[in-house]
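Okay, here's what each chain looks like letter by letter:
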Amino acid sequence: MSNETESPQVSSSTAVESYDGSCDADLRLLNVAVRSLPCHVVKDLLCIGVCSRCVLRLFGIEEHIYCHSSFAQSILSSVLEEVTSFKPELEFHFCSCCLGILQFTYCDDKETMVKKENANDMALTIAELVKQEGHQIDGFSLEVSVPPRILENESSLLSYMKNKYELEPWFQERLLSKCVSVKDVLKFAITKPLETLLDAKSSASSFRIRLTYTHKSTSKNSVEKNRECKRQKTGTENGLHNVSDELVVADKDSFDYSTIEKNAVTGRSSSGLRDQECSENVGFPIEKVSEPCHLVYLCYRTHFYLCGRYLKYSRNVSQTRWIIDEERMGEASVEEIIGSNILPICQGDNCKFHAAGREDIDVRMLGSGRPFLLEIQNARQVPSEVIVKEIESKINGLENKLVSSNAIVILM
């Protein structure tokens, strides 16, 4: 796998000309924001391999200023380089802080390096995946998981900036505690183009789009550093107080940023500025990055239920599928009869049958019937009330008349 790509050098004046009028105001706003920063500090960060977006987020610049969906990395870099007179190497380098995530660079499942030009291109790839899966959506929730090394790098950089520039006037004005997280920047950048491409709004939806980033450099060493930091805070070296550390070790390759954000971040900041003992556990200068993160896309719908009542007319039908010594008991089951008529309509991965109590295989269920729930997992389609009634009629119209159902409704 080659980790080398060419990054075109574009001056900020050329950048303005290459975009339509709608982007001119955003570029001017970006120029104003960059010129408000201490140039020598920006240049320092660029020299140690921090990408343009990370430079801006470390200073707490608001996301909308540098997260325009059509802004390529080269556009942001050219603005920063023009203001600081910084001359970068021609060879492309992965960011030493975000590991290439905010450069829209990653390795796919074939271990091939993929480099997207901007947030629009990134969103297009995600939208194509959703469409390939055939999901019917009216909204979506975007989830992002990043490797713990990113927070370590961020903490190290902020501590470095504090130690080196704490006495300078800009330091107190800038309040580095307002640093924006990698997750927030990425989500801000791709959410709007995703809304356009999917024709759906981002919300607390049952349909989830999950981006999981992992990195090979995330090793037991980083977990041990976190563990040592916690021990210093609690005054314990082992025992029950460290149970949470063991959970981290069990899933050390990738975990959700938010699981450590509560302890490591106040507001949207890293704790590196406030906890000198912990920051000493993170080395500086941070290591150069030789390859980007591995990215796994996943889109899925959280489960929903269809509830109703069933009646069983046969004395040779079990409630659920019943196998003893590889031999089937009974001619059918309520679970299979109802599930096989609903799951294909919903195009789900699987279904689970839940009932309020049960009866023996040789006992009929008459009267008003027994309440049941059918759990549909990762459904591509959510049936309408009309379709649900059609499903109910189909079950009740089966020739064998083993089972019938009534009052089926959807519970989301």
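What you are looking at is a predicted structure, and each value in this text was computed from that prediction instead of being measured.

Asker: I would appreciate a short explanation of the sheet that holds strand E13 (residues 365–377) in the present structure.
Answerer: Adjacent strands of a sheet form backbone hydrogen bonds with each other and so pair up, either parallel or antiparallel. Sheet architecture is open: 4 strands sit in the order E12-E13-E7-E14, paired in antiparallel fashion. Two strands in the sheet have a free side with no partner beyond their single neighbour: strand E12 (350–355) and strand E14 (403–411). Geometrically, the sheet is characterised by an average inter-axis angle of 25° between neighbouring strands, direction not taken into account. Relative to E13, E12 runs antiparallel, the two being bridged by 6 bridges. Of the residues in E13, the one forming a bridge with Cys351 is Ile376. Those strands touched by helix H15 (residues 334–346) are strand E7 (304–312), E12, E13 and E14, and its axis lies near 45° from that of E13.

Asker: What should I look at first to understand the pattern of salt bridges in this one?
Answerer: A side chain with one charge may pair with a side chain of the opposite charge, provided their charged atoms come close. Tallied over the full model, the rule gives 11 salt bridges. Here Glu336 and Arg321 are joined by a salt bridge, their closest N and O atoms 3.3 Å apart. You can see Glu336 sitting in helix H15 and its partner Arg321 sitting in the loop between strand E8 (317–318) and strand E9 (323–324), a full 15 residues away along the chain. The class for Glu336 is partly exposed, based on a relative accessible area of 25%. Owing to a relative accessible area of 52%, Arg321 belongs among the exposed residues under this scheme.

Asker: How should the packing of aromatic side chains be read in this particular structure?
Answerer: What characterises a pair of aromatic rings is the spacing of the ring centres plus the angle enclosed by the ring planes. Counted under the stated rule, the structure contains 6 aromatic pairs. Ring geometry for Tyr106 against Tyr297: centres 6.1 Å apart, planes inclined by 90°, an arrangement best described as edge-to-face. In this pair, Tyr106 sits in strand E1 (residues 105–107) while Tyr297 sits in strand E6 (residues 294–301), placing the two residues 191 residues apart along the sequence. A relative accessible area of 3% places Tyr106 in the buried class. Take Tyr297: its relative accessible area is 21%, and that puts it in the partly exposed class. Arranged with centres 5.8 Å apart and planes meeting at 55°, the rings of Tyr165 and Trp170 form a pair that is tilted. Accessibility expressed as a relative area gives 4% for Tyr165, which makes it buried. Using a relative accessible area of 10% as the deciding quantity, one classes Trp170 as buried.

Asker: Would you mind showing me how to read unusual backbone geometry here?
Answerer: Note on backbone geometry: most residues besides glycine have negative phi, and most peptide bonds are trans. One non-glycine residue, Phe104, lies in positive phi territory at about 55°. Turning to its location among the elements, Phe104 is positioned in the loop between helix H6 (73–84) and E1. A relative accessible area of 2% means that Phe104 is categorised as buried. Located in the positive-phi region is Gln347, a residue other than glycine, with phi close to 55°. Tracing the chain through its elements places Gln347 in the loop between H15 and E12. Take Gln347: its relative accessible area is 41%, and that puts it in the partly exposed class.

Here is what the cut-offs are and how they apply
- Residues numbered from 1 in each chain as written.
- Predicted model: local features only at pLDDT ≥ 70, side-chain atom pairs only at ≥ 80, totals over all residues.
- Heavy atoms only, no water.
- Pairing = 2+ DSSP bridges.
- Helix = DSSP H or I, 4+ residues; strand = E, 2+ residues; numbered from the N terminus.
- Axes fitted to C-alpha atoms, helices over the stretch in contact; angles between N-to-C directions.
- Contact = heavy atoms within 4.5 Å.
- Salt bridge = Lys/Arg side-chain N within 4 Å of Asp/Glu carboxyl O.
- Buried < 20%, exposed > 50% of the residue type's maximum accessible area, 1.4 Å probe, protein only.
- Phe/Tyr/Trp six-rings, centres within 6.5 Å; stacked < 30°, edge-to-face > 60°.

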